[in-house]
Amino acid sequence: MQDNATYAVDIRSAVKRFGSFTALDRVSLSIRDNEFFTLLGPSGCGKTTLLRLIAGFEDVTEGEILLFGEEIETLPPHQRPVNTVFQNYALFPKMTVEENVMFGVEMRGARRSEARRRAGEMLELVRLERFAGRRPAQLSGGQQQRVALARALAPQPKVLLLDEPLSALDLKLRKAMQMELKSIQRETGITFIFVTHDQEEALTMSDRIAVMSEGRVQQMGEAREIYERPHNMFVADFIGDTNLLDVTVDRIEDGRAICHIGGGHVLTCDAVDGIGAGAQVHMSIRPERLVLSDEALGAESLAGTVVDNVFIGTDIQSMIQLENGPRFAVRTSNSDRGARRIFAPGAQAFVNAEPGAARLLID
Amino acid sequence: MAGGGGTGGGVSASTYAGLRYWLLLPSWLVLGFIVLAPVGVMLIYSFLTKEFRGGVIWEFTLDAYDQFFFDRGLFGDEPPKIEWTYILIFWRSIWQAGAATLLALVIGFPTAYFIATRPERVRPIWVFLITIPYWVNLLIRTVSMKFLLRDQGPLNDFLIWTGLIDTPIHVINTDVAVQIGLFYSYLPFMVLPIYAAVERYDFALSEAAADLYATKWVALRRVLLPSVRPGVIAGCILVYVPSLGAFLAPDLLGGAKNFMIGSLIEEQFKGNAGNWPFGAAASMILLTMVMIILLLFARQQARAEREG
């Protein structure tokens, strides 16, 4: 759809080594203009290193980074038209809030009066105009976070980099800031590259997500796609809760894989390229895509015993032990309770997978 | 414990206050002996009459201060004129100590910055290397400096050998030699406080400045320097104050005509030729000056603190 020049950031097989340690291993990513793009992964997966390569704080060992079609990997940070919201904000402690926000604008050559006007606009955007004269130390964590955002947006960067900006905030504030960041991104139309280890945060905010692990991109796609069709074991396990089963593929028929899941139970799901008959692989089924029933609804209804029910707010999660087979977590939404039954521990029940719920994973 | 208030083992408020004064006694004694008493003796001596072979006669007079500021002729019977000799010596000391401090700052700041940006494990080694020469007596170090700086010394030999100069640079017995000597005497006092400040500095701030289009130099000036300023000021005070009263470096490296306050005072107490009340008066004037400088620094610091 897009030719290369219109990608906001185009990373081409970037490698970053620190001594003998490879932090990034041939990472390629194309991030579109106006996109809210998230790099998601556990700590140490290389997501922050990738962000620092784009900002220019680290040099790539190999590979190229293009910003709107121009190679930037050799430019020092102060010549790259991208700005960063740092994890611990890194606000200048000896300057006022206003001076902090003015800094980047002035450095780009704007007059002081122009910088002040721009800072005013930005502080209004983050609703901190009343705090312009304060020092960062006189603000709460959430307010400092918003100053950091205003400061990074003020020089009108082509791309905004956000390094776990919400991790230091408490849950309620974090939720509120997620919404605010998202709406600011839409309002300004600037490409956001957002780094987080919080999969829920990534799923709520992002247009697209790159899931990273051990210096590689494991999967890239829209939130829904990544959640519903994880490619591999890591992604299925890292994003959301899932039932991971050890399965043996019995045979492939008409694009469907018939799998033994243990204890003589069988589940059928879409076949995946590279997984043939006899393969011992993993299968993922999200708990909310399983339904309990008191009698078999079809050939693949799995008979088991309810072990436990756990109340988790919006849902109730039931554990079902299949005879001689695996154990399943099944989630029933509390709002569905009229329609769907909750079985008491010890009761017999059947586990039914919704069509398309079971996915085979490449390891 | 009768009437003791019932809280077994408790100490009543008034007993506690009394105890507190007793516990503070050692520090008061130390302060009294090493600070107040010597300064008090000097203050009293500066108002006494001089004994010609050193020492004092217990007779109150303002002669010492009069001699410092006014010239009344050889026999003391002419109308008073301003005596410039000592004021000039003071002025020279202020200037020499200032130049030495500036030199220490220009060399000490990058040194401290360098050490503070090394990996954490090796920083103590660098600090240790900086302080090694200071285990040697100041007199020995100053004499070595004289050896290094003289016309046929290793420094000049080296510069001639490299072809940078043809004839030796004459440094000994100049102001520059004194400045170098003072700078060398007190360099660690500049390096260590700045090092401590830079080590505490959050380098993410410099990254943030670079991210916001600041060059390295601008980031240094507008973000790093304001953050480490207390360390810089402390370093300057710690070099400036002892430089002002130093006498070894001016004596050994500056020669006879590059007199400084320290030498002037030292001379008044040496052998039989001295004038104790005059030396004491000069010391009191020096002390007053140092106090004023520190006060100005402190006020500046307080203002900077208020501004954040």
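As a reminder, the structure under discussion sits directly above these lines.
What counts and how
Residues numbered from 1 in each chain as written. Chains lettered and ligands numbered in written order. Predicted model: local features only at pLDDT ≥ 70, side-chain atom pairs only at ≥ 80, totals over all residues. Heavy atoms only, no water. Helix = DSSP H or I, 4+ residues; strand = E, 2+ residues; numbered from the N terminus. Contact = heavy atoms within 4.5 Å. Areas by Shrake-Rupley, 256 points an atom, 1.4 Å probe, with all protein chains shown as cover. Lys, Arg positive; Asp, Glu negative; His and termini not counted. Charge placed at Lys NZ, Arg CZ, Asp CG, Glu CD. Rg over C-alpha atoms; globule rule 2.2 N^0.38 Å. Buried < 20%, exposed > 50% of the residue type's maximum accessible area, 1.4 Å probe, protein only. Pairing = 2+ DSSP bridges. Expected span 1.5 Å × (residues − 1). Polar contact = N/O pair within 3.5 Å; in protein donor to acceptor, adjacent residues only side chain to side chain. Salt bridge = Lys/Arg side-chain N within 4 Å of Asp/Glu carboxyl O. Buried area = accessible area lost by both parts, 1.4 Å probe. Nonpolar A, V, L, I, M, F, W, Y, C, P; charged D, E, K, R; others polar. Phe/Tyr/Trp six-rings, centres within 6.5 Å; stacked < 30°, edge-to-face > 60°. Lys NZ or Arg CZ within 6 Å of the ring centre and 35° of its normal. Axes fitted to C-alpha atoms, helices over the stretch in contact; angles between N-to-C directions.

### Notes on the overall build of chain A
Step number 1: The secondary structure content of chain A amounts to 8 helices and 20 strands.
Step number 2: Over its C-alpha atoms, taken along the principal directions, chain A stretches across nearly 75 × 45 × 40 Å.
Step number 3: Summarising the internal contacts of chain A: among those between residues at least 6 apart in sequence, 66% fall at separations of at least 24.
Step number 4: Of the roughly 16400 Å² of accessible surface on chain A, 46% is carried by carbon and sulfur atoms.
Step number 5: Placing the 41 positive and 50 negative side-chain charges of chain A at their respective mean positions leaves the two points 8 Å apart.

### Regarding the overall build of chain B
Step number 1: The number of helices and strands found in chain B is 12 helices and 4 strands.
Step number 2: The C-alpha radius of gyration computed for chain B amounts to 26 Å, which surpasses the reference 19 Å derived for 308 residues by more than 25%, pointing to a less compact arrangement than a globule.
Step number 3: Expressed as a percentage of the 308 residues in chain B, the buried residues total 36%.
Step number 4: Within chain B, contacts between residues separated by at least 24 positions form 63% of all contacts whose residues are at least 6 apart in sequence.

### What to know about the pairing of strand β11 (residues 243-253) of chain A
Remember that side chains alternate between the two faces of the sheet whenever the strand is regular.
Residue and element names in this part refer to chain A.
Step number 1: Here 6 bridges tie β11 to strand β14 (residues 280-285), and the two strands are oriented antiparallel to one another. Its bridge partner being in β14, threonine 248 is matched across the sheet by glutamine 280.
Step number 2: Where β11 and strand β12 (residues 256-262) come together, 5 bridges link them in antiparallel fashion. Pairing of isoleucine 252 across the sheet is with alanine 257, part of β12.
Step number 3: Following β11, the chain reverses through 2 residues before pairing antiparallel with β12; aspartate 254 in that reversal takes a positive phi of roughly 50 degrees.

### Quick notes on helix α12 (residues 276-306) of chain B
Step number 1: A rise of 1.5 Å per residue sets the reference length of α12(B), with its 31 residues, at 45 Å; its end C-alpha atoms lie 44 Å apart and thus fit the reference within 8%.
Step number 2: Between the side-chain oxygen of the N-cap and the backbone nitrogen of B:Phe278 there are 3.1 Å, and the N-cap of α12(B) in question is B:Asn275.

### Re the pattern of salt bridges
Residue and element names in this part refer to chain A.
Step number 1: Scanning the model with the defined rule gives 30 salt bridges over all chains in all.
Step number 2: Note that arginine 17 is salt-bridged to glutamate 62, the shortest N-O span being 3.4 Å. Here arginine 17, found in strand β1 (residues 7-18), pairs with glutamate 62, found in strand β4 (residues 62-67); they are 45 residues apart in sequence, far enough to count as distant.
Step number 3: Judged by relative accessible area, which is 40%, glutamate 62 ranks as partly exposed.
Step number 4: Across the pair glutamate 201 and arginine 174 runs a salt bridge, and its minimum N-O distance is 3.9 Å. Taken as a pair, glutamate 201 in helix α6 (residues 199-205) and arginine 174 in helix α5 (residues 171-188) lie far apart in primary sequence, 27 residues in all. In this pair, the class of glutamate 201 matches that of arginine 174, namely buried.
Step number 5: Here the salt bridges share partners, and the residues they tie into one network are Glu114, Arg117, Arg118 and Glu121.

### Overview of the interface of chain A and chain B
Step number 1: With 26 residues of chain A at the interface, the matching set in chain B holds 18 residues.
Step number 2: Taking both partners together, chain A and chain B bury about 2000 Å²; carbon and sulfur atoms supply 61% of that area.
Step number 3: Considering only the side of chain A, the residues that lose the most area to chain B are A:His78, A:Lys94 and A:Met107, jointly responsible for 30% of the buried surface there.
Step number 4: Across the contact surface, chain A and chain B share 1 salt bridge.
Step number 5: Counting every contact that joins chain A to chain B gives 5 residue pairs in polar contact (both at pLDDT 80 or more).
Step number 6: Of all the elements, helix α2 (residues 97-107) of chain A adds the most residues to the side of chain A that touches chain B, at 4 residues.
Step number 7: Its residues assigned to classes, the side of chain A that touches chain B comprises 15 nonpolar, 4 polar and 7 charged.

### Quick word on the packing of aromatic side chains
Step number 1: In the structure shown here, the tally under the stated rule is 22 aromatic pairs over all chains.
Step number 2: Between A:Phe36 and A:Phe192, the aromatic rings sit 5.6 Å apart at their centres with planes inclined by 40 degrees, giving tilted as the arrangement. Of this pair, A:Phe36 sits in strand β3 (residues 36-40) while A:Phe192 sits in strand β8 (residues 191-196), and the two are 156 residues apart along the sequence. Note on accessibility: A:Phe36 and A:Phe192 belong to one class, buried.
Step number 3: On the numbers, 5.1 Å between centres and 90 degrees between planes, the contact of B:Phe68 with B:Phe90 is edge-to-face. With B:Phe68 in helix α2 (residues 63-69) and B:Phe90 in helix α3 (residues 84-116), the pair connects residues that are 22 residues apart, well separated along the chain.
Step number 4: Of the residues examined, B:Phe68 reaches a relative accessible area of 2% and is grouped as buried.
Step number 5: Using a relative accessible area of 5% as the deciding quantity, one classes B:Phe90 as buried.
Step number 6: Of note, A:Arg108 hangs over the ring of B:Tyr213, and the distance from its end group to the ring centre comes to 4.4 Å.
Step number 7: The ring of A:Tyr227 carries the charged tip of A:Arg286 above its face, separated from the ring centre by 4.1 Å.

### Let's talk about the sheet that holds β8(A)
All names here are of chain A.
Step number 1: Here we have 6 strands laid out as an open sheet, ordered β6-β7-β8-β3-β9-β10, and mixed in their pairing. Looking along the sheet, the strands with just one partner apiece sit at the ends: β6 (82-85) and β10 (216-222). Within this sheet the neighbouring strands show an average axis-to-axis angle of 20 degrees, counted without direction.
Step number 2: Pairing analysis gives 4 bridges linking β3 to strand β9 (residues 208-213), with the strands arranged parallel.

The values reported here are purely geometric and, on their own, carry no functional implication.
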